[in-house]
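Listed below are the residues making up each chain.
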Amino acid sequence: MSSDSTASQRSVVRRTAWPESKTAPLVPPLCPSVVYVARDADEMNRVYEGEEAGFTYAREGNPNAELLAKKIAGLEAADACFITNSGMSACSAIALGLLKAGDHLVAGNQLYGRTHRLVSRELTRFGVQTDLVNASDSAAVEAAIRPNTRMILVEVVSNPLLRVADIEALGRIARTRGVLLAVDNTFPTPLVLRPLALGASLVIHSVTKMLAGHSDVTLGAVCSSREHAVAIRDTIVTWGLNASPFDCWLAERGMNTLELRVARATANAAALADFLAGHRAVHRVIYPGRPEHPDHAVARRLLGNQFGSMVSFELNGGRESVNRFMRALTSIPFAPTLGDVSTIVSHPAVTSHRGLTPAERESLGIREGLIRVSVGIEELALLKTEFRRALSD
Ligand SMILES: *Cc1c(COP(=O)(O)O)cnc(C)c1O
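Novice: Looking at this structure, how should I read the site of the ligand?
Specialist: Taken together, Ser86, Gly87, Met88, Tyr112, Glu155, Asp184, Thr186, Phe187, Ser206, Thr208, Lys209 and Leu219 make up the full set of residues near the ligand. Aspartate 184 has a polar side-chain atom sitting 2.7 Å from a nitrogen atom of the ligand. The contact in question runs from an oxygen atom of the ligand to an N or O atom on the side chain of serine 206, over 2.8 Å. Protein coverage of the free-state accessible area of the ligand, which is 380 Å², stands at 91%.

Novice: Whenever I open this one, the sheet that holds strand β5 (residues 180-184) confuses me. Can you help?
Specialist: Paired through their backbone hydrogen bonds, the strands of a sheet run either parallel or antiparallel. Spatially, the seven strands line up as an open sheet ordered β1-β7-β6-β5-β4-β2-β3, and their pairing is mixed. Looking along the sheet, the strands with just one partner apiece sit at the ends: β1 (80-84) and β3 (129-133). The sheet shows a mean angle of 20 degrees between the axes of neighbouring strands, direction not considered. Relative to strand β7 (residues 220-224), β1 runs antiparallel, the two being bridged by five bridges. Across the sheet, the residue bridging to isoleucine 83 is alanine 221, located in β7. Contacts between helix α4 (residues 87-98) and the sheet are confined to β1, β4 (149-155), β5, β6 (202-206) and β7, with β6 contributing the most and set at about 155 degrees to the helix. Against the sheet, helix α5 (residues 113-122) touches β2 (104-108), β3 and β4, its axis set at about 140 degrees to β3.

Novice: Just to check I follow, could you spell out the side chain of glutamate 378 for this structure?
Specialist: Assignment of secondary structure puts glutamate 378 in the loop between β11 (370-374) and α14 (380-392). With no salt bridge to any partner, buried glutamate 378 finds its closest opposite charge in arginine 264, at an N-O distance of 7.4 Å. Within the structure, glutamate 378 has its side chain in polar contact with the backbone nitrogen of threonine 343 (distance 2.7 Å). Setting aside anything within four residues of it in sequence, one finds glutamate 378 in contact with Arg264, Asn268, Val341, Ser342, Thr343 and Leu383.

Novice: I keep staring at α5 and nothing clicks. Help me out?
Specialist: Since there are 3.6 residues in each turn of an α-helix, residues three or four apart along the chain are aligned in direction. Considered for burial, the residues of α5 that qualify are Thr115, Leu118 and Val119. Along α5, the residues classed as buried sweep out an arc of 85 degrees about the axis, all on the same side. Buried residues in α5 make contact with α4, β2, β3 and β4.

What counts and what doesn't
Residues numbered from 1 in each chain as written. Predicted model: local features only at pLDDT ≥ 70, side-chain atom pairs only at ≥ 80, totals over all residues. Heavy atoms only, no water. Near = heavy atom within 4 Å. Polar contact = N/O pair within 3.5 Å; in protein donor to acceptor, adjacent residues only side chain to side chain. Areas by Shrake-Rupley, 256 points an atom, 1.4 Å probe, with all protein chains shown as cover. Pairing = 2+ DSSP bridges. Helix = DSSP H or I, 4+ residues; strand = E, 2+ residues; numbered from the N terminus. Axes fitted to C-alpha atoms, helices over the stretch in contact; angles between N-to-C directions. Contact = heavy atoms within 4.5 Å. Buried < 20%, exposed > 50% of the residue type's maximum accessible area, 1.4 Å probe, protein only. Lys, Arg positive; Asp, Glu negative; His and termini not counted. Salt bridge = Lys/Arg side-chain N within 4 Å of Asp/Glu carboxyl O. Arc of directions from axis to C-beta.

The structure is reproduced here in structure tokens:
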């Protein structure tokens, strides 16, 4: 056992050859490798130059991220899609990649909490001027445009009041005024709305939510027109916003059932909204599919009859009734997320909007009695039974 060749055969460090197989795996393999091996410098060079297909270093791109990106790009009808390690890093990627000091950004004033903070506190540190306006008022968005406005950033459906931005009108405004429209399409999903076809240049997703769908990955995606693809990719690779292959693998797997989950959750949400609207313990119901919703007409035109899986409602009696209701729920957890297969309730005043003063929350209409429901794919009868019981407790 002293010869060199025997020693090398015994080495546990040496990587054994991948087993050969004439047959290919049905399920995409998980590829955690950080690096890809080339035969020689010329071959590596051709891969770096894009003259030959292949990967070099995982942060620059890897098979699992590419597979997931292709799936999302197909749904959004996007020229390009890149996966990031969270919805927030998708947001960061478009800001870091396309804005510079002196540029002006017009953003919705009901953005997701951290996006709001990114726009109002982080980008301003880098010399980007920002204005926050009501995104469901297209005229207000247009009026905020200045000569140095580079981008409009909006969410299609706001949280938790579910206001709907008219992406079609904003797309027209962006095109005529020569500014970029970036749309957070997390709530509707690309099965319901494709902002790029309506004039948006960029679409971002928190893949963490409905796309992955099982609350076990944190991921984001940026879809872009061809024009901005290189800038977005370079930003993600340079600032290190790339995602783990395992998370991409899980999300890609979860997306196989996206269409079924969206259809079921949307139907459940519409039925639950109607049920809640008829309950005497409920002060008001917020759902874009209901005729009294302020953006119902826009939602109908934009989303067809798929008004989403989010329902908010306000209980008579404030925080005390909220606590009683939540304690009475047995199979529905209180947790600050959405888009899961199971129904989850949240309380905006103590979670997403806890950073605001009570007066600021009141002016937005986010009161202590307000509950947000991310409706899942359970049997509707089970949901109604659980809500009915908890409301009457
Ligand atoms: C959750 C969420 C984000 C942030 O996504 P993370 O994956 O949590 O980083 C951004 N926008 C919207 C609309 C969201 O719901």
